[in-house]
Amino acid sequence: MGGGYMTKNGLFIVFEGGEGSGKTTLSKWLYEWLSNQGYYALWTKEPGGDQAVCDKIRKILLDPAHKGVMSPRAELPLFEADRAQHVDSVIKPALSEGKIVVCDRFSASTFAYQCFARKVCRTDDFDGWDAFATNRLYPDLTFWIDIDPELGMSRNAQDGKHDRFELEDLEFHKRVREGFEIFFRDYPWDWEKLDGSLPLEVLERQVIEKTLRLIP
């Protein structure tokens, strides 16, 4: 956790993207950059944003042993339960303290993975579930790190990653990418699409330029 400058009402910045997009690397980098610049920042993630409850839900959701066992319909309420706990126990308290909260995944991922790729709910079902879980908290800025699923899966394979979602086939990840496209087309959030195939230093500059416009 960084220390120093606080914003009046806090800022909530989210990174979204498919597997291997680099969103986790970029979100952690932004948190570290903000902290080094003297901003009071917090990095967190979904699922698994708090150790008391969310981490246990994360283990259930990502366990490779549950592939082909967990009902697709069970995923949606588990992700939203994780989000409700995360919002109430981590994100909102941090924002109320004036921190800049940088989060790896939020609502768009649930829409892309569960509602679109899995086809387990309609848009209005998602809206109801997510509004309840977030208590209508929306990011101030979302970075969508877009990447060709074949490249993303290749990166994960090289890194030896194999959680339950990373083990899904290419067609699933193509649907996830389409789900993100539909989400950001239809939901009026402040978001920025970045090309995940670009060099990391280029993406870092783009993230900083956009973020600094938000900070008072």
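Structural data are supplied above this passage.
From a predicted model like this one, the values you see are computed outputs, not experimental measurements.

Student: For the sheet that holds strand E4 (residues 141–146), give the residues involved together with the corresponding values.
Tutor: Sheets are built from strands paired through backbone hydrogen bonds, the pairs being either parallel or antiparallel. Ordered by their spatial adjacency, five strands build an open sheet running E2-E3-E1-E4-E5, and the pairing between neighbours is parallel. Strand pairing shows two members of the sheet lacking a second neighbour, strand E2 (41–45) and strand E5 (191–195), which therefore form its edges. Strand-to-strand twist in this sheet, taken as the mean axis angle between neighbours without regard to direction, amounts to 20 degrees. Pairing of E4 with E5, which is carried by five bridges, proceeds in the parallel orientation. Directly across from Trp144, in E5, lies its bridge partner Lys193. Most of the contacts of helix H3 (residues 72–96) go to E2, to which it runs at about 160 degrees, and overall it touches strand E1 (11–17), E2 and strand E3 (100–104).

Student: Break down the state of the cysteines for me, with residues and values.
Tutor: Note: disulfide means a covalent bond formed between the sulfur atoms of two cysteine side chains. In the structure shown here, the tally under the stated rule is one disulfide. No disulfide involves Cys103; its sulfur sits 10 Å from that of Cys54, the nearest cysteine. The exposure class of Cys103 is buried, given its relative accessible area of 0%.

Student: Help me get a handle on the side chain of Gln114, residues and values and all.
Tutor: With respect to the helices, strands and loops of the structure, Gln114 is situated in helix H4 (residues 107–117). Here Gln114 falls in the buried class, since its relative accessible area comes to 1%. For Gln114, the residues in contact, after removing those within four places along its chain, are Glu75, Leu76, Phe79, Ser109, Lys119, Val120 and Phe165.

Student: Account for the packing of aromatic side chains, naming residues and giving values.
Tutor: Within this structure, the stated rule accounts for 20 aromatic pairs. Ring centres of Phe111 and Tyr187 lie 6.0 Å apart, and the angle between their planes is 70 degrees; on these two criteria the pair is classed as edge-to-face. On the criterion of sequence distance, the pair formed by Phe111 in helix H4 and Tyr187 in the loop between helix H7 (170–186) and E5 is long-range, its members being 76 residues apart. Each member of the pair, Phe111 as well as Tyr187, carries the same accessibility label: buried. Geometry around Phe106 places Arg83 over its ring, the cationic atom sitting 5.2 Å from the centre. For the cation-ring pair, Lys119 lies above Phe116, with the distance from its terminal atom to the ring centre recorded as 3.7 Å.

Student: Which residues make up helix H5 (residues 123–134), and what values go with them?
Tutor: Between its terminal C-alpha atoms H5 stretches 16 Å, which fits the 16 Å expected from 12 residues at 1.5 Å a residue. Turning to H5, its buried residues are Phe126, Asp130, Ala131, Ala133 and Thr134. Take H5 and look down its axis: the buried residues cluster within an arc of 160 degrees, on one side only. Buried residues along H5 sit against H3, H4 and H7.

Student: Outline unusual backbone geometry, supporting the account with residue identities and numerical values.
Tutor: The omega torsion across Glu46 and Pro47 is -10 degrees, close enough to zero to call that bond cis. By secondary structure assignment, the location of Pro47 is in the loop between E2 and helix H2 (54–62). Look at Arg105: it is not a glycine, yet its phi comes out positive at around 80 degrees. For Arg105, a relative accessible area of 12% corresponds to the buried category. The phi dihedral of Lys119 falls on the positive side, at around 60 degrees, and the residue is not glycine. With respect to the helices, strands and loops of the structure, Lys119 is situated in the loop between H4 and H5.

Rules and cut-offs
Residues numbered from 1 in each chain as written. Predicted model: local features only at pLDDT ≥ 70, side-chain atom pairs only at ≥ 80, totals over all residues. Heavy atoms only, no water. Pairing = 2+ DSSP bridges. Helix = DSSP H or I, 4+ residues; strand = E, 2+ residues; numbered from the N terminus. Axes fitted to C-alpha atoms, helices over the stretch in contact; angles between N-to-C directions. Contact = heavy atoms within 4.5 Å. Disulfide = S-S within 2.5 Å. Buried < 20%, exposed > 50% of the residue type's maximum accessible area, 1.4 Å probe, protein only. Phe/Tyr/Trp six-rings, centres within 6.5 Å; stacked < 30°, edge-to-face > 60°. Lys NZ or Arg CZ within 6 Å of the ring centre and 35° of its normal. Expected span 1.5 Å × (residues − 1). Arc of directions from axis to C-beta.

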